[in-house]
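# Chain and residue survey
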Amino acid sequence: MRTNIAERVQKHRDNLRAAGLRPVQIWVPDTRRSGFADECRRQSLSLLGDAQETDTLEWLESVADTDGWK
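Residues numbered from 1 in each chain as written. Predicted model: local features only at pLDDT ≥ 70, side-chain atom pairs only at ≥ 80, totals over all residues. Heavy atoms only, no water.

## What to know about the overall build of the chain
So the rule is basically this: Numbering of helices and strands runs from the N terminus; a helix is a DSSP stretch of H or I covering at least four residues, while a strand is a stretch of E covering at least two. The reference for a compact globule is 2.2 Å times residues^0.38; the radius of gyration itself is calculated from the C-alpha atoms. Exposed residues in this analysis have more than 50% of their type's maximum accessible area, buried residues have under 20%, and partly exposed residues fall in between, with area computed by a 1.4 Å probe over protein chains only. Only the protein chains shown count as cover for residues, and the accessible areas themselves come from Shrake-Rupley with a 1.4 Å probe. Working convention for charge: Lys and Arg count positive, Asp and Glu count negative, and His plus the chain ends are omitted. The atom standing in for a charge is NZ when the residue is Lys, CZ when it is Arg, CG when it is Asp and CD when it is Glu.
Across its full length, the chain carries three helices and zero strands. Computed over the C-alpha atoms, the radius of gyration of the chain is 21 Å, more than 25% above the 11 Å expected from 2.2 N^0.38 for a compact globule of 70 residues. Here the chain holds 70 residues, and 0% of them are scored as buried. As presented, the chain carries roughly 7,300 Å² of accessible surface, and 54% of it is formed by carbon and sulfur atoms. Here the chain contributes 11 positively and 12 negatively charged side chains, and the mean placements of these two sets differ by 17 Å.

As structure tokens, this is what we get:
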């Protein structure tokens, strides 16, 4: 059974490569890690009242395509 799964995964990867794609590994913050939420809050609060952050948020709101959102 294990070989069958490995063969299917390899076939899938071969098909993706044949389609011109390549695998890429990325590392992202572990949201389950202790202290992650606290650090997010710290960083968010550090931007409170920041003029550039306000400008950026206003610009994002003006260009966002929210048609059909509830």
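From this point, the narrative continues.
## Looking at a nonpolar patch on the surface
Stated formally: Note that patches include only residues with greater than 30% relative accessible area and no salt bridge, and the join distances are 9 Å for like charges and 5 Å for nonpolar side chains (Val, Leu, Ile, Met, Phe, Trp, Tyr). The salt bridge definition used is simple: a Lys or Arg side-chain nitrogen within 4 Å of an Asp or Glu carboxyl oxygen.
Together, Leu57, Trp59, Leu60 and Val63 line one region of the surface with nonpolar side chains, adding up to about 410 Å² of accessible area. Of note, Val63 is situated in helix α3 (residues 51-63).

## Examining the pattern of salt bridges
This structure, assessed with the given rule, holds two salt bridges. Among the salt bridges present, the one from Asp30 reaches Arg32, with a minimum N-O distance of 3.1 Å. Using a relative accessible area of 35% as the deciding quantity, one classes Asp30 as partly exposed. Judged by its relative accessible area of 76%, Arg32 falls in the exposed class.

## Some details on α3
Count 3.6 residues to each turn of an α-helix, and residues three or four apart come out pointing the same way. To be explicit about the condition: Working rule for helices: expected span equals 1.5 Å times residues minus one. Within 3.5 Å is the distance limit for a polar contact, defined as a pair of N or O atoms, with the added protein rule that one can donate a hydrogen and the other accept it, and that residues adjacent in sequence qualify only through two side-chain atoms.
Over its 13 residues, α3 runs 19 Å from end to end, which matches the ideal 18 Å to within 8%, given 1.5 Å per residue. The backbone nitrogen of Gln52 lies 3.0 Å from a side-chain oxygen of the residue at the head of α3, namely Asp50.

## Focus on the confidence of the model for the chain
For clarity, the threshold we go by: pLDDT is a per-residue confidence score from the predictor, ranging from 0 to 100.
Summing up the model confidence of the chain, the mean pLDDT is 94 and the portion of residues at 70 or higher is 97%. Ranking the elements of the chain by mean pLDDT puts helix α1 (residues 2-18) last, at 92, and helix α2 (residues 36-46) first, at 97.

## Let's talk about a negative patch on the surface
Taken together, the side chains of Asp50, Asp55, Glu58 and Glu61 make up a negatively charged region of the molecular surface. By the secondary structure assignment, Glu58 is in helix α3.

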